[in-house]
Amino acid sequence: MHDLRQDADGEPIARWMRSALQAPVDSSSAQRDAIMARVRRVRALQRVQPPMRASRWSRRGLLNPLSGMAMVAVLVAMVSMRSFEFARGVRSLDTASLVLGDSVVPTTSVGLSHDASSDAISTRLLDTLRIVEFVLRGPDVRSVAVIGDFNGWQRGTTTLLHEGRDRWHARVLVPRDALRFAYVVNETQLVAAPPLPKTTATRRSIPDSI
Amino acid sequence: MPIAVMSEDARDVRRVLAGDVEAFALLVDRHHARCLRVATHLLSDGDDAEDAVQDAFVRAYRHLGSYRERDRFGAWLLRVVVNQCRTHAAKQRRWSSSPSVSANDLLAHDSGEDVADAESTREELTRALAQLDPAQREAVVLRFADELSYDEMATITGVGVSALKMRVQRACARLRTLLSEHYHA
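Since the model is a prediction, treat every value here as computed from it, not as a measurement. (Residues numbered from 1 in each chain as written. Chains lettered and ligands numbered in written order. Predicted model: local features only at pLDDT ≥ 70, side-chain atom pairs only at ≥ 80, totals over all residues.)

## Topic: the sheet that holds strand E3 (residues 144-148) of chain A
Residues and elements named next belong to chain A.
Then, in step 1: Taken in spatial order, the three strands line up as E3-E6-E7 in an open sheet, and their pairing is antiparallel. Edge positions in the open sheet fall to E3 and strand E7 (189-192), since each of these has one partner strand only. Sheet twist, expressed as the mean angle between neighbouring strand axes with direction ignored, is 30°.
Then, in step 2: As paired strands, strand E6 (residues 181-185) and E7 are joined by four bridges and run antiparallel to one another. (Pairing = 2+ DSSP bridges. Helix = DSSP H or I, 4+ residues; strand = E, 2+ residues; numbered from the N terminus. Axes fitted to C-alpha atoms, helices over the stretch in contact; angles between N-to-C directions.)

Okay, here's the thing in structure tokens:
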């Protein structure tokens, strides 16, 4: 039976245990050859190389004024193409905002008296909203919303309905002083529109084809 | 590790990184036995240990670019070996099982009149090691089989020094209990 007391050096392990743990193992040349055989099969591209410094790029001819100009040209071309695509998408959209009239509510419908002075006041109070029809027409449109002063520029609160043949429309009660608005197409593309007229006369900002 | 060996490692690593694949054989020859001994104790199985060490060397070769010369190559390699052993153990689920191969098959044979006693000793110790918690076994093997300092062990395992000391203490106590039960059985 072995002595299980701790090592004389103060380590919590018996000396014979330490010796047994440190006993050499059979490291055969066949095992080492097998490792090298696998190492040789590793493709050069799989080896992780240290990051190449700029000077080495330069020595290899990859970093020179010509390649730099070519890289910048490619980047400019990519940005230009993206801008062109965006502009083309915006150009293909037709928009219209039609003020159909005032939302005058008859005083009788709200139970007010027919007194002349009160009629004038109630008419002025109720006649603060206008009925505006927003129309958008264009290809590849999946959803349209209107944002503006009248809804606090909150997306999703006023959406246009699809009428077919690429035409979208909505009739909205808009406060008289809310003039600025814009369309949000496909939830990402913002299409600006001219502000609504201050007068109550019906206004068409697009051709009759809309 | 002697300074001379450290510089040899660094020189060989530079040669490998420069494209001399055969220089890696020098590193394999120099460190294979040590890695195999640690892996054998960690996995309690000679075949698994050999597979783990082989995988570790190939992995080390592939990631040699991430090795920095300010580190000791031996310690860096041992970290790869320990990680590979953990992976193998997780796959094989051998941490909690008894060794399938006798320790006598795994470890080199001594010469002289105490051969039988030495073999018996190793077998008992291997069986006891196999019953340890994996983290405790890892700590006790690195501490005593490879004679690493606690700081080196912390670097390799990613565990704090105080936690490693506690693991070693508990592992040794558990080993004593297991071996005394064996002797009294």
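Having seen it, we continue.
## Some thoughts on the packing of helix H3 (residues 46-62) of chain B against helix H4 (residues 73-92) of chain B
Residue and element names in this part refer to chain B.
Then, in step 1: Contact pair H3 / H4: the axes reach a minimum separation of 8 Å and the direction vectors enclose 130°. As far as their axial angle goes, H4 and H3 are oblique. When you trace H3 past H4, the crossing you get is right-handed. Every residue of H4 that contacts H3 at Asp48, Asp51, Ala52, Val53, Asp55, Ala56, Arg59 and Ala60 is listed here: Leu77, Val80, Val81, Gln84, Cys85, His88 and Gln92.
Then, in step 2: Here the residues of the contact of H3 with H4 are counted per class, giving eight nonpolar, three polar and four charged. (Parallel < 35°, antiparallel > 145°, perpendicular 65-115°, else oblique. Left-handed = near helix turned anticlockwise from the far one by under 90°. Contact = placed C-beta atoms within 7 Å. Nonpolar A, V, L, I, M, F, W, Y, C, P; charged D, E, K, R; others polar.)

## Thoughts on the environment of B:Ser7
Then, in step 1: Mapped onto the secondary structure, B:Ser7 falls in helix H1 (residues 3-17).
Then, in step 2: Classification of B:Ser7 by C-beta neighbours within 10 Å gives exposed; the count is 11. (Buried ≥ 20, exposed ≤ 12 C-beta atoms within 10 Å, placed from the backbone.)

## Brief notes about the sheet that holds strand E1 (residues 94-102) of chain A
Residue and element names in this part refer to chain A.
Then, in step 1: In spatial order, the strands read E1-E2-E5-E4; together these four strands make up an open sheet with antiparallel pairing. A strand with exactly one partner marks an edge of an open sheet, and here the two such strands are E1 and strand E4 (161-164). Here the average twist between neighbouring strands, direction ignored, is 25°.
Then, in step 2: Sheet analysis places strand E2 (residues 129-137) next to strand E5 (residues 167-175), joined by nine bridges and oriented antiparallel. Along E5, the bridge assignment pairs Val135 with His169.

## A word on the confidence of the model for chain A
Residue and element names in this part refer to chain A.
Then, in step 1: In this model, chain A carries a mean pLDDT of 75, and residues with pLDDT of at least 70 account for 65%.
Then, in step 2: Mean pLDDT values for the elements of chain A range from 55 in helix H5 (residues 116-126) up to 91 in E3.
Then, in step 3: Here residues 107-113 is a poorly scored stretch, pLDDT under 50, and it has seven contacts once near neighbours within four places are set aside; other chains count.
Then, in step 4: Overall, residues 202-210 carries pLDDT values under 50, and its contacts beyond four positions in sequence, including any with other chains, amount to 18 contacts. (pLDDT = per-residue confidence, 0-100.)

## Quick notes on the packing of helix H2 (residues 23-43) of chain B against helix H7 (residues 134-145) of chain B
Residue and element names in this part refer to chain B.
Then, in step 1: Packing of H2 against H7 brings their axes to within 10 Å, and their N-to-C directions diverge by 150°. With respect to each other, H2 and H7 are oriented roughly antiparallel. In the packing of H2 onto H7, the handedness of the crossing is right-handed. Between H2, through Arg37, Val38, His41 and Leu42, and H7, the contact on the second element is made entirely by Arg137, Glu138, Val141 and Ala145.

## Describing unusual backbone geometry
All names here are of chain A.
Then, in step 1: Within the chain, Asp140 stands out as a residue other than glycine whose phi angle is a positive 55°.
Then, in step 2: Structurally, Asp140 is set in the loop between E2 and E3.
Then, in step 3: The residue Asp166 is not glycine, and still its phi comes out positive at about 65°.
Then, in step 4: Relative to the helices and strands, Asp166 is located in the loop between E4 and E5.
Then, in step 5: What makes Asp166 partly exposed here is the crowd of 15 C-beta atoms within 10 Å.

## Quick word on the nonpolar core
Then, in step 1: Grouped together as the largest cluster of nonpolar side chains are 57 residues, with contacts concentrated most on B:Cys35, B:Ala39, B:Val53 and B:Val81.
Then, in step 2: Residues in contact with B:Val53, not counting those within four places in the same chain, are B:His32, B:Cys35, B:Leu36, B:Ala39 and B:Val81. (Core = buried A, V, L, I, M, F, W, Y, C linked by C-beta atoms within 7 Å.)

## Re the confidence of the model for chain B
All names here are of chain B.
Then, in step 1: For chain B, the average pLDDT comes to 78, and 78% of its residues sit at 70 or higher.
Then, in step 2: Summarising per-element confidence for chain B, the mean pLDDT is lowest in helix H5 (residues 103-106) (42) and highest in H2 (90).
Then, in step 3: Taken as a whole, residues 94-113 scores under 50 in pLDDT and shows 39 contacts with residues more than four places along the chain or in a different chain.
Then, in step 4: Note on the complex model: pTM 0.50, ipTM 0.74.

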